[in-house]
Amino acid sequence: MGYFDVPEIDYTRYSNRQLAAVPLAVLAVALAILGGWYVFTGAPVGLGIEFAGGTELTVDTATDESDIPDAFDEEVSSIQSVQTEDNRYIVQFTSTDDEALREQAESNLEPLGGNDGVVMSGSSTSASFGAQTQQTALYGIGIAFVGMSVFAFILFRTFVPSVAIVVSAFSDIVIPLAFMNLAGIPLTLGTVAALLLLIGYSVDSDILLNNSILRRSGDFYESTHRAMRTGVTMTVTSMAAMLVMAISATLFGVELLASVGLILFVGLAADLMNTYMLNLSMLRWYKFKGVNR
Amino acid sequence: MGLRDFIKAYWRIILLIVFVSVALVALFIPGGIFADDSIGDGTAVAENGTDGNVNGTAASVETTQGWTNLVYGLSLDGGTRVSAPVVGMTAENLEIDPDREIEVSQTLRDELELDPADVMLRFDERTGTYTAEVFTKNVSQSEFAGALQTAEVDATEDDIREGVTQATRDEMIGTIDTKINEAGLSGGRVSQSDIGGQFYIVTEVPDWTPQELRNHLSERGIVRVVAHYPDGNGSQTNETVLEQGDFASISPPDYNDRSGHHVPVTVRSDIAPDYQQRMNDIGFTNEGVGQCDYENPGAEGQNYCLLTVVDGEVVDSHSMGGDLAQNMRSGDWANDPRFIMGAPNQQEAQSLSINLRAGSLRAPLDFENDQTFTLEPALADQFKVYSLIIGVISVLTVSGVVYLRYADARVAAPMIVTALAEVVILLGFAAAIRMPLGLPEVAGFIAVVGTGVDDLIIIADEVMSEGDVNSRRVFESRFRKAFWVIGAAAGTTIIAMSPLAVLNLGDLQGFAIITILGVLIGVLITRPAYGDILRYLLTDR
């Protein structure tokens, strides 16, 4: 059925330890990256201007990209050109004096023919506002995670399967965070939203697997394969949608949608590994050994 | 099959069709389901989190409409938003004898060297205590506590917190709402949001730069009428004769040849006799008639000017006219206490009228710790097109993958149609409650399609597992099993997103609300209907 089908993996060939080793190693590397980032920069992830404070201007200008920093008195922290729109750039500053930056942009950058203004969009966040937002975002992620964990325990009412869900979900968030550091994506409101959505999304396939193995009749491997066929299809479909959204939004220069798409793509990929290696090995241990204890 | 059986068999699909139709009406028929904005205002207030104070936070909803009834937010419509905290600090639960209220506030003013407008004492009916606020950055907490102690109020530095009271913020929101919506612009919105324990006043307008908006918001608009008259020793003296609260009605700005630009006002009937008496006493209605040459050194000691003062600056000066003076002398004026306040030009007259009507901004806003966002409408229009394209591409991708997986149009096609129906219902809902849509909401829609299709895959796989579905009973039992997983998954998504829906994290509230609503609509309406569609297509009837 179908042009592609989910391959049946012969799990009997691998021990629980072998299965769990890979995702745990990846999780350890991800945590090490976040730890290292914390030691060297003071924050586990790079903060975007919404959290760290700063100014971002979107400008339409005939001035060359390399000459744009000269137009401003303050230091430019990054310039990004928008692919689908020639001569449109997103410029970021650590300064929060948006009025001065706007004036400098309007007077020193050359407008495009037919336009009177240069600045198409601007946002500016003071450091204190950013710090407050950061705190609120941390609360949000914390509450969401704890709430999800409690809900998982209520659903399955047994220790190991519930912990398996919580551990996979934790890893599903930590891996994209480490990826963000490596790829140079700062933490913004959009990425926070993506991380929260990831909690909701990634738990789906874990619940499906647990439900299939624990609550349904049939052989362990049969149940696993049944859950995998559905679960992998789900995750791959979502990954495809998110990848396409990330690519198209990047081309159009719609940052929020681009970061949501990319983080979800990476997180869902991590979820595939965590669900069908980590979660599965814990369930198998529980099913075959745990019950006898 | 009778009608009853038909409904019994397909009620889920019928429900879906009803919801989609209602959503389409809400989306496309001008006026939508709710012809007025009352519902939208209701939600705006609820989101602002101020209970029971509809006036304070009444957000006006944009009325500009395209070919749908959708209302767009800042990130898809363009405009400027400034979020700024309020300057000030507060001491609560102060035991003050009500008779000493005036004395205490006078002492605070003198001790801290503040303008009358920067000190505020409020009586709390519920607790029977007073709350004192000062609205300035120039006073430290210990100075404030010291001044309270000087006024013989029992308070220490620990009783004082940064920030102002809810009552003050409500007054400010009301004032700003009037200011931004009366300056010839519509579509301004103002609310408060609590971010990490600090309250911010969030103001949105469609077409000002951040600087213009800040300028409008930093004018506190405190209007006074000052009598400027000879002190008898060859120079002038100033005396405030009317304050903001002394006016009963304020008309829109007007112009005539005799008075120039002006704002016609009436003075409150309980104030008017005193004002009339005072004008007579200090000579404005006798020797002072027509005698105003403000700031001319040659006229020093002989000027009788009524000054219009806004935020401490004199914007206009004029003398008492002959007719008015006569009415005041005879004492008739107080029975019909109308007069005009002069302004140098049309713009000043307009802003004077707005300031008088809106009242003054109770406390200043702290623009050093603010956040601004601005977007040109041209770019916003592009974003609308882009988000539509991105959304369509995402849906096509999902459809493609689903088709490749099942290679059965009977399974895949209803899946896509159902997922789209979910988006239509959600859009209709957003249009009906006039929820402003921005980029975060678009991300929410795409997320909804994603979770929606996930759930439909679960249903399809479960229903088609273990051979053909040949009876309704088998179908129902499998469908119920699938639904346990879907319900559990929906529960986690709702739990994960609910902190965002409650916390004020910028635009993400909308994203969370759309996602949660989408999941609910999906679980309650569209996904069960998909089950029915599949059953119709797969079972042998």
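Residues numbered from 1 in each chain as written. Chains lettered and ligands numbered in written order. Predicted model: local features only at pLDDT ≥ 70, side-chain atom pairs only at ≥ 80, totals over all residues. Heavy atoms only, no water.

**Structural notes on a negative patch on the surface**
Residue and element names in this part refer to chain B. Note the threshold: Patch membership needs two things, relative accessible area over 30% and no salt bridge, and members are linked within 9 Å if like-charged or within 5 Å if nonpolar (Val, Leu, Ile, Met, Phe, Trp, Tyr). Computed with a 1.4 Å probe, the accessible areas rest on the Shrake-Rupley method; for each residue, only the protein chains presented here act as cover. Put simply, a salt bridge is a Lys or Arg side-chain nitrogen that is within 4 Å of an Asp or Glu carboxyl oxygen. In this tally, Lys and Arg are treated as positive and Asp and Glu as negative; His is ignored, and so are the chain termini. Taken as the charge location is NZ of Lys, CZ of Arg, CG of Asp or CD of Glu. Helix and strand definitions follow DSSP, with helices as H or I runs of at least four residues and strands as E runs of at least two, each counted in order from the N terminus. Only protein chains enter the area calculation, which uses a 1.4 Å probe; residues under 20% of their type maximum are buried, those over 50% are exposed, and those in between are partly exposed.
On the surface, a cluster of negative charge is contributed by Glu-95, Asp-154, Glu-157, Asp-158 and Asp-159. Summarising the element assignment, Glu-157 is placed in the loop between α6 (141-150) and β6 (160-162). Given a relative accessible area of 42%, Glu-157 falls into the partly exposed group.

**Points about a nonpolar patch on the surface**
Residues and elements named next belong to chain B. Residues Leu-3, Phe-6, Ile-7, Trp-11, Ile-14, Leu-15, Val-18, Phe-19 and Val-22 make up a contiguous nonpolar surface patch of about 780 Å² in total accessible area. Relative to the helices and strands, Leu-3 resides in helix α1 (residues 3-28). Given a relative accessible area of 65%, Leu-3 falls into the exposed group.

**A look at the interface of chain B and chain A**
Operational definition: Only heavy atoms enter the contact rule, under which two residues are in contact if any of them lie within 4.5 Å. We define buried area as the total accessible area lost by two parts upon association, computed with a 1.4 Å probe and summed across both. Two N or O atoms count as a polar contact when they lie within 3.5 Å, although within protein this holds only if one can serve as hydrogen donor and the other as acceptor, and sequence-adjacent residues are included solely when both atoms are side-chain atoms.
Each partner contributes to the interface: chain B provides 72 residues, whereas chain A provides 71 residues. Summed over the three residues of chain B that lose the most area to chain A, namely Ile-390, Arg-405 and Trp-484 of chain B, the buried surface amounts to 12% of that side. Summed over the shared surface of chain B and chain A, the number is two salt bridges. A salt bridge links Glu-99 of chain A to Arg-214 of chain B; the shortest N-O distance between them is 2.6 Å. Our count for the contact surface shared by chain B and chain A stands at 19 residue pairs in polar contact (both at pLDDT 80 or more). Breaking the side of chain B that touches chain A down by element, the ones donating at least two residues are β8 (198-205), α8 (210-218), β17 (371-375), α12 (377-406), α14 (439-464), α15 (472-502) and α16 (508-538) of chain B. In terms of residue count, α12 of chain B provides more of the side of chain B that touches chain A than any other element does, 18 residues in total.

**Side note on the UniProt feature "transmembrane region" (unreviewed entry) in chain B**
Residues and elements named next belong to chain B. Short version of the rule: UniProt positions are given in the numbering used here, feature names are shortened, and annotations may be inferred rather than shown by experiment.
The sites that carry the UniProt feature "transmembrane region" (unreviewed entry) are, in the present numbering, residues 9-29, 385-404, 416-436, 442-461, 482-502 and 508-526. Along residues 416-436, the helical share is 81% and the strand share 5%, with 26 Å between the first and last C-alpha atoms. Segment residues 482-502 splits into 100% helix and 0% strand. End C-alpha atoms: 30 Å apart.

**A look at the packing of aromatic side chains**
Applied cut-off: Any two rings among Phe, Tyr and Trp, with Trp reduced to its six-membered ring, count as a pair given centres within 6.5 Å; such a pair is stacked if its planes are under 30 degrees apart, edge-to-face if over 60, and tilted if neither. Look at NZ for Lys and CZ for Arg. If either is within 6 Å of the ring centre and within 35 degrees of the ring normal, a charge sits over the ring.
Under the defined criterion, the tally for this structure stands at 18 aromatic pairs over all chains. A centroid spacing of 5.3 Å and a plane angle of 55° characterise the contact between Phe-6 of chain B and Tyr-10 of chain B, whose relative ring orientation is tilted. Here Phe-6 of chain B pairs with Tyr-10 of chain B, and both are found in helix α1, just four residues apart, close to one helical turn. Owing to a relative accessible area of 39%, Phe-6 of chain B belongs among the partly exposed residues under this scheme. On the basis of relative accessible area, Tyr-10 of chain B is assigned to the buried category, the value being 13%. A ring pair is formed by Tyr-275 of chain B and Trp-333 of chain B, whose centres lie 5.6 Å apart and whose planes are at 55°; its orientation type is tilted. Taken together, the residues Tyr-275 of chain B in helix α9 (residues 272-281) and Trp-333 of chain B in the loop between α10 (322-330) and β16 (338-342) connect sequence positions 58 residues apart. Here the two residues Tyr-275 of chain B and Trp-333 of chain B agree in accessibility, since each one is buried. Among the aromatic residues, ring-to-ring pairing joins Phe-220, Tyr-221 and Phe-288 of chain A into one connected group. Across the ring face of Phe-199 of chain B, the terminal group of Arg-169 of chain B is positioned such that the distance to the ring centre comes to 3.7 Å. One cation-aromatic arrangement involves Lys-384 of chain B over Tyr-72 of chain B; the distance from NZ or CZ to the ring centre is 4.4 Å.

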